[in-house]
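# Report on the structure
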Amino acid sequence: MDIFEYMKTKTLEKESPLASRMRPRTLEEVVGQQHIIGRGTLLYRAIKADKLSSVIFYGPPGTGKTTLARVIANTTSAAFTQINATMAGKKDMSEAVQAAQDRMGQYGKRTILLVDEIHRFNKAQQDYLLPYVEDGTLTLIGATTENPYFEVNGALISRSIIFELKPLEQADIEELLRRAVTDRERGLGSYNVVLDDDARAFLADVSGGDAREALNAIELGVLTTEPGPDGRIHIDLKTASDCIQKRVVRYDKDGDQHYDTISAFIKSMRGSDPDAAVYYLAKMLSAGEDIKFIARRIMICAAEDVGNADPMALVLATSAAQAVERIGMPESQLILAQACIYVACAPKSNACNNAVFEAMQSVRDVKTTVPPHLQDAHYRGSAKLGRGTGYKYAHDYPDHYVEQQYLPDEILGARFYEPTEMGKEAEIRAHLERLRRNPDEKRNSDAKSNL
């Protein structure tokens, strides 16, 4: 590196955005993602031992994919090269491969290649890397915001370990903000910043797990705020809100507003008011409520208040919960809106709740024994003891139904599930009533229906 290249590097380090300057340099400085880099995990051990194989880091923006790659670069004895798939062409890839081959041949030194936004490479570009990954010329680190199972060639996937990074927790981002305003070497410590607790919590909350967004906001706030009479730059809640361009919604996630709003949300869905339900959803989203928490409440409401009146409500709510974990904000607001509106508009029944609560009470109150013909006949010696004898296999009978006793003798005749007349449950109710009729009455009814 000549003097001009050195000065350029130093200038970039000094003038680069705060989020870039504050990137952790060692594993110990990394905040969050303990599920993959916590002490003793596979990735932690591989980095510490400098035995990293090809990996793909997958996760939303601002969760530390490039940061982890940089930590590896600072830790490994291998050469480290980075290209960005949005700009790199065949020439850049060829140069990276040739340099790696030269290092391996002349010095026996490995090369780690970071391909940022690897999903932007087309199939031919990804295929070009494959033989060099396979023969060890390159150790690949791919970084992507897209699901690699859909966007990366199966051949590269099979030769890599995939690590999914999660959105950072609020506490993680608060810690990064604390570091940023106190670090005099790389952060904003020389500006003498006072960051209010509620402003820090707000930025960490509304950034949605994206550390870069939070750090960009605090940097903007510090650089555009005049020092006060005491010579210190004071970042309060209003300044924080202005910097991230999100209005502060008065909503304490640990206090009354949190519980009151989620209560109103659930009661609006239960009360079949989609307008109110989506309003309270919007209020929670605007305040930065955890989307996974909202999705869980929709699932519970679908089971508790809709039940079998519309079985698809729980299916859709569960799919929505899975989708928001994969997609994140802001798109997840569309998914949550669809789910909560569907549950609000669905016919309602709590018959399933009543059934399980009453059954649980019966279990507590009455000691019962499983009828002998329902007991397991396959366990060693069970058949000789008469267990399972007399059981009638329903599929051997017309309509796949045969009358026999299923409840224990001690609670024979008990009724726990009483379907309502709402939605799909009306059909279930009619079906059960037909099955529960006495045999003669049922045969007469069936004969009349065939006339």
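Rules used throughout
- Residues numbered from 1 in each chain as written.
- Predicted model: local features only at pLDDT ≥ 70, side-chain atom pairs only at ≥ 80, totals over all residues.
- Heavy atoms only, no water.
- Helix = DSSP H or I, 4+ residues; strand = E, 2+ residues; numbered from the N terminus.
- Buried < 20%, exposed > 50% of the residue type's maximum accessible area, 1.4 Å probe, protein only.
- Axes fitted to C-alpha atoms, helices over the stretch in contact; angles between N-to-C directions.
- Parallel < 35°, antiparallel > 145°, perpendicular 65-115°, else oblique.
- Contact = heavy atoms within 4.5 Å.
- Nonpolar A, V, L, I, M, F, W, Y, C, P; charged D, E, K, R; others polar.
- Expected span 1.5 Å × (residues − 1).
- Arc of directions from axis to C-beta.
- Patch = residues over 30% accessible without salt bridge, like charges linked within 9 Å, V, L, I, M, F, W, Y side chains within 5 Å.
- Areas by Shrake-Rupley, 256 points an atom, 1.4 Å probe, with all protein chains shown as cover.
- Salt bridge = Lys/Arg side-chain N within 4 Å of Asp/Glu carboxyl O.
- Pairing = 2+ DSSP bridges.
- Right-handed = clockwise from strand over helix to strand, strands pointing away.

### Notes on unusual backbone geometry
- Between methionine 329 and proline 330 the backbone carries a cis peptide bond, its omega angle lying at 10°.
- Relative to the helices and strands, proline 330 resides in the loop between helix H17 (312-327) and helix H18 (332-345).
- We note that aspartate 50 has phi near 55°; this positive angle belongs to a residue other than glycine.
- The exposure class of aspartate 50 is buried, given its relative accessible area of 19%.
- A positive phi angle, close to 60°, is found at serine 272, a residue other than glycine.
- The topology assignment puts serine 272 in the loop between helix H14 (256-270) and helix H15 (274-286).

### Brief notes about the packing of helix H6 (residues 90-107) against helix H7 (residues 123-134)
- For the pair H6 and H7, interaxial distance at closest approach is 11 Å and the crossing angle is 5°. One finds that H6 runs roughly parallel with respect to H7. When H6 is examined against H7, the residues Lys90, Met93, Ser94, Val97 and Gln101 are found in contact with a partner set consisting of Gln125, Tyr128, Leu129 and Tyr132.
- Per-class residue counts for the contact of H6 with H7 are 5 nonpolar, 3 polar and 1 charged.

### Regarding H6
- Look at H6: 25 Å from first C-alpha to last across 18 residues, which is about the 26 Å you get at 1.5 Å a residue.
- Regarding H6, the residues found buried are Met93, Ala96, Val97 and Ala100. Looking down the long axis of H6, one finds its buried residues gathered within 95° of arc, a one-sided arrangement. Projecting away from the buried face of H6 at angles above 90 degrees are the exposed residues Lys91, Gly105, Gln106 and Tyr107.
- Here the buried face of H6 lies against strand E2 (79-84), strand E3 (111-116), H7 and strand E4 (138-144).

### Here's the deal with a nonpolar patch on the surface
- Judged by side-chain polarity, Met312, Val315 and Tyr342 come together as a nonpolar surface patch covering roughly 260 Å² of accessible area.
- A relative accessible area of 45% places methionine 312 in the partly exposed class.

### Topic: the pairing of E3
- When you tally the buried positions in E3, you get 6 out of 6 residues, the bulk of the element.
- Sheet analysis places E2 next to E3, joined by 6 bridges and oriented parallel. Looking across to E3, one finds that asparagine 84 is bridged to aspartate 116.
- Handedness of the crossover joining E2 and E3 through H6: right-handed.
- Inspection of the sheet shows E3 paired to E4 by 6 bridges, in the parallel sense. Bridge pairing in E4 links leucine 114 to isoleucine 141.

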